[in-house]
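Structure at a glance
As a plain string of letters, each chain reads:
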Amino acid sequence: MLEVKNLAISLTSKNVEVPLVDDVSFKVKNGEMLAIVGESGSGKSITSLAIMGLLKSPLFVSAGEIIFNGIDFTKLSPEEIRQFRGKKISMVFQEPMTSLNPVKTIGSQIEETIIQNLGLTKQQAKNCCKELLSDVGVADPEQRMRLYPHHFSGGMRQRVMIAIAIAANPELIIADEPTTALDVTIQAQILSLLSELCKKRGMAMLLITHNLGIVARYADKVSVMYGGNLVEQGTPRSIYRNAKHPYTAGLIRSVPKLDSDKSMPLEPISGEPADPSKLISGCKFHPRCPEYRPICEKQRPEFKDEVACHFRLDKDFERQIS
Amino acid sequence: MTALMKIKDIEVHFPVRKGLLQREVASIKAVDGVSFEIQKGEALGLVGESGCGKTTVARSLLKLVELTGGTIEFDGQVVSHIKSDKLKSYRRRVSAIFQDPFSSLNPRMTVGQILGEVLTVNKYEEDINTRILELLALCGLAERFVELYPHEMSGGQRQRVGIARALALDPELIICDEAVSALDVSIQAQIVNLLRELRDTLGLSFLFIGHDLSVVQHLCDRIAVMYLGKIVEIGNAQDLFKNPAHPYTKALIDAVPSIDPDEKRLNEDMFLQGEVPSPLSPPSGCVFHTRCKYRIEECKTKTPLMEQVDIGQNRMIACLLNEEIGLNSQQKQ
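Source: prediction; values computed, not measured.

Calculation rules
- Residues numbered from 1 in each chain as written.
- Chains lettered and ligands numbered in written order.
- Predicted model: local features only at pLDDT ≥ 70, side-chain atom pairs only at ≥ 80, totals over all residues.
- Heavy atoms only, no water.
- Helix = DSSP H or I, 4+ residues; strand = E, 2+ residues; numbered from the N terminus.
- Rg over C-alpha atoms; globule rule 2.2 N^0.38 Å.
- Buried < 20%, exposed > 50% of the residue type's maximum accessible area, 1.4 Å probe, protein only.
- Contact = heavy atoms within 4.5 Å.
- Areas by Shrake-Rupley, 256 points an atom, 1.4 Å probe, with all protein chains shown as cover.
- Lys, Arg positive; Asp, Glu negative; His and termini not counted.
- Charge placed at Lys NZ, Arg CZ, Asp CG, Glu CD.
- Core = buried A, V, L, I, M, F, W, Y, C linked by side-chain atoms within 4.5 Å.
- Polar contact = N/O pair within 3.5 Å; in protein donor to acceptor, adjacent residues only side chain to side chain.
- Axes fitted to C-alpha atoms, helices over the stretch in contact; angles between N-to-C directions.
- Parallel < 35°, antiparallel > 145°, perpendicular 65-115°, else oblique.
- Left-handed = near helix turned anticlockwise from the far one by under 90°.
- Nonpolar A, V, L, I, M, F, W, Y, C, P; charged D, E, K, R; others polar.
- Buried area = accessible area lost by both parts, 1.4 Å probe.
- Salt bridge = Lys/Arg side-chain N within 4 Å of Asp/Glu carboxyl O.

Scanning chain A for helices and strands turns up 11 helices and 10 strands. Computed over the C-alpha atoms, the radius of gyration of chain A is 21 Å, within 12% of the 20 Å expected from 2.2 N^0.38 for a compact globule of 322 residues. If one aligns the C-alpha atoms of chain A with their principal axes, the spans along those axes are about 75 × 50 × 35 Å. The 322 residues of chain A split such that 53% are buried. Here the contacts in chain A between residues at least 6 apart in sequence split such that 64% fall between residues at least 24 apart. Surface summary for chain A: the accessible area is close to 14500 Å², and the carbon and sulfur share equals 51%. Counting 40 positive and 37 negative side-chain charges, chain A places the centres of these two groups 3 Å from one another.

For soluble globular proteins, the rule of thumb is that nonpolar side chains tend to be buried together. Core analysis: the largest hydrophobic core is formed by 107 residues, its most contacted members being A:Ile110, A:Leu133, A:Val136, A:Ile162, B:Ile163, B:Phe208 and B:Ile223. With 9 residues, the top contributor of residues to this core is helix α7 (residues 184–201) of chain A. Once residues within four sequence positions are removed from consideration, B:Phe208 is found in contact with B:Leu44, B:Gly45, B:Leu46, B:Cys176, B:Val180, B:Leu195, B:Val215, B:Val216, B:Leu219 and B:Cys220. In this structure, B:Val57, B:Leu87, B:Tyr90 and B:Ile234 belong to the second largest nonpolar core, which totals 33 residues.

Attention shifts here to the environment of A:Glu267. Residue and element names in this part refer to chain A. Following the sequence through the fold, Glu 267 ends up in the loop between α10 (246–253) and α11 (294–298). In this structure, the C-alpha to C-alpha distance between Glu 267 and Val 255, residues 12 residues apart in sequence, is 8.4 Å. Excluding anything up to four places from it in sequence, Glu 267 contacts Gly 250, Arg 253 and Ser 254. Among the polar contacts listed, one links the side chain of Glu 267 to the side chain of Arg 253, at a separation of 3.2 Å.

Now for the packing of helix α3 (residues 111–121) of chain B against helix α4 (residues 128–138) of chain B. All names here are of chain B. Viewed as axis vectors pointing N to C, α3 and α4 meet at an angle of 120 degrees, and their least axial separation amounts to 10 Å. With respect to α4, the element α3 is oriented oblique. Here α3 runs over α4; the crossing is right-handed. Across the interface between the two elements, Val 111, Gly 112, Leu 115, Gly 116, Leu 119 and Thr 120 of α3 pack against Ile 128, Arg 131, Ile 132 and Leu 136 of α4. Classifying every residue of the contact of α3 with α4 gives 6 nonpolar, 3 polar and 1 charged.

Between chain A and chain B, the contact holds 46 residues from the first and 46 residues from the second. Taking both sides of the interface into account, the surface hidden between chain A and chain B amounts to around 4100 Å²; carbon and sulfur atoms contribute 53%. Where chain A touches chain B, the interface holds 14 residue pairs in polar contact (both at pLDDT 80 or more). Within the residue set of the side of chain A that touches chain B, elements represented by two or more residues are α6 (154–166), α7, α8 (212–218), α9 (236–241) and α10 of chain A. In terms of residue count, α7(A) provides more of the side of chain A that touches chain B than any other element does, 7 residues in total.

Take the pattern of salt bridges next. Proximity of charged atoms lets side chains of opposite charge pair with each other. Residues and elements named next belong to chain A. All told, the structure shown has 29 salt bridges over all chains when counted by the stated rule. Between Lys 244 and Glu 306 there is a salt bridge, and its shortest N-O distance comes to 3.0 Å. Of the two residues, Lys 244 is situated in the loop between α9 and α10 and Glu 306 in the segment after α11; the sequence distance between them amounts to 62 residues. The class for Lys 244 is buried, based on a relative accessible area of 13%.

In structure tokens form, the structure reads like this:
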């Protein structure tokens, strides 16, 4: 369905190429939800923009392939990619307020997408819009279509964004932090809706998030990114039970659990997230890694068998010696 | 333990004005009869959805908004309407840490100047430079940070400066409004640990406002849950999460996904349907009745009061089904 192979994204500044994302590969199948997890600056959002063909200069794809249903997007012109956007692939963003037009009614914004992408008549679009709104759980669609975005709460606006995203029956939805701006109770509603739609319509979904709880509850597969590299891949269960990369393990340990023992302090990862503007040699995680050895600084670990680490945690190398 | 801060039935109503004469046509009841106490050395958590009034409570304790009703007592003295000198000395004893460390630090001042300003304005008597270094060390920042500007630091470091500033005048109570919400997970844990450490070493009291229940649970001794301007449940932190009594607390906890994929608390019918009603026209009776799945006819007309329930220690809830809930959880145990 969607396959990203060795994707690299760079930024040109003063004729120097700065790599931001390097060697990222993953696959998403129909009806499946893949979560990409990472902290700020890990490159997860620009990876999703690259798939949509929305990178703007000075950002560009410097290597790799993005294959969607057998077509390599990196070889298409922006005009050709536009034919896919909104029809075969669509996107849900974090800020539902800024992505809706404040001076147009909700109904006209959804109808616009339908007419543009499916070529229906006005009346057909109206009926279709009603159906979509009730599909995403907006009660009273006929009334609500006449309202403006400011009449809607954050959760309702995000439902409208989802209605627009699924309007043309896309095969892939990319959701970039769709619930970060929402309350936990609304977050649960929106994510359940997305995963339900995904299963019902057989759509694939790429969920970009920083919240490990969301990953555990909704995703089928996870890719963990750090400093522009893919560090680990697996199912939520395998990653939670047996994290192979020290970063993943550290991330899981630093999340407080509702039933955790309060007398123990949390175990944070020391240091600060990798700054994309500074080049780090070897493994990007080495300055913060508890398993650090000199080789980590010199040589970048290859991504092999679901993890990129010289001293993966699931194998007992000579860990005892150090 | 003695109460450091006693809040009794505080109300903050914002007028809604309309028309040429700006007549008051309605009022938004942001905080509507909230009472609690913060003991010396205690950390109290305040949780709830956005718009429930938790930030307004914080602002009223910091004397940034005027109370419409009720009293605030700090260390035995009523501070609800103090002015000028008294207010200044009150603010020395109660300080705040805010959510966004980028907008709460002046971008044109170095860390040294930011911390120095607080000390000079309040006529700090000892050597200011030594105090600045002491504060930085306390918050885990190296001496070189004195020279840095906010944009030269990462989010976590900036929040440490925010904490150092809050500690500058040796306050007794610190009010943290979403102090760790804007940070990355790995950094969030560092700051949470720092706050806990400071609390233990300096014997501070905290009011910690947050929407991330697991973080609040980790930091606080007691937790109060707010909904539409009212407290609906208050009790011991660990206890409250293990055995929530109010239907709203239950739903709130169910909505938080656990990072353990095998721990499926997930019970989709428990999800709260709909959204928080507008505080302009709050529902009659129990404010939660429109979203509550246990509601009975009475909930629509009768307003529940905070009452003790027989679970855990000092648990209070505001629910008409109080007795039934108490019985149910006793049977479970």
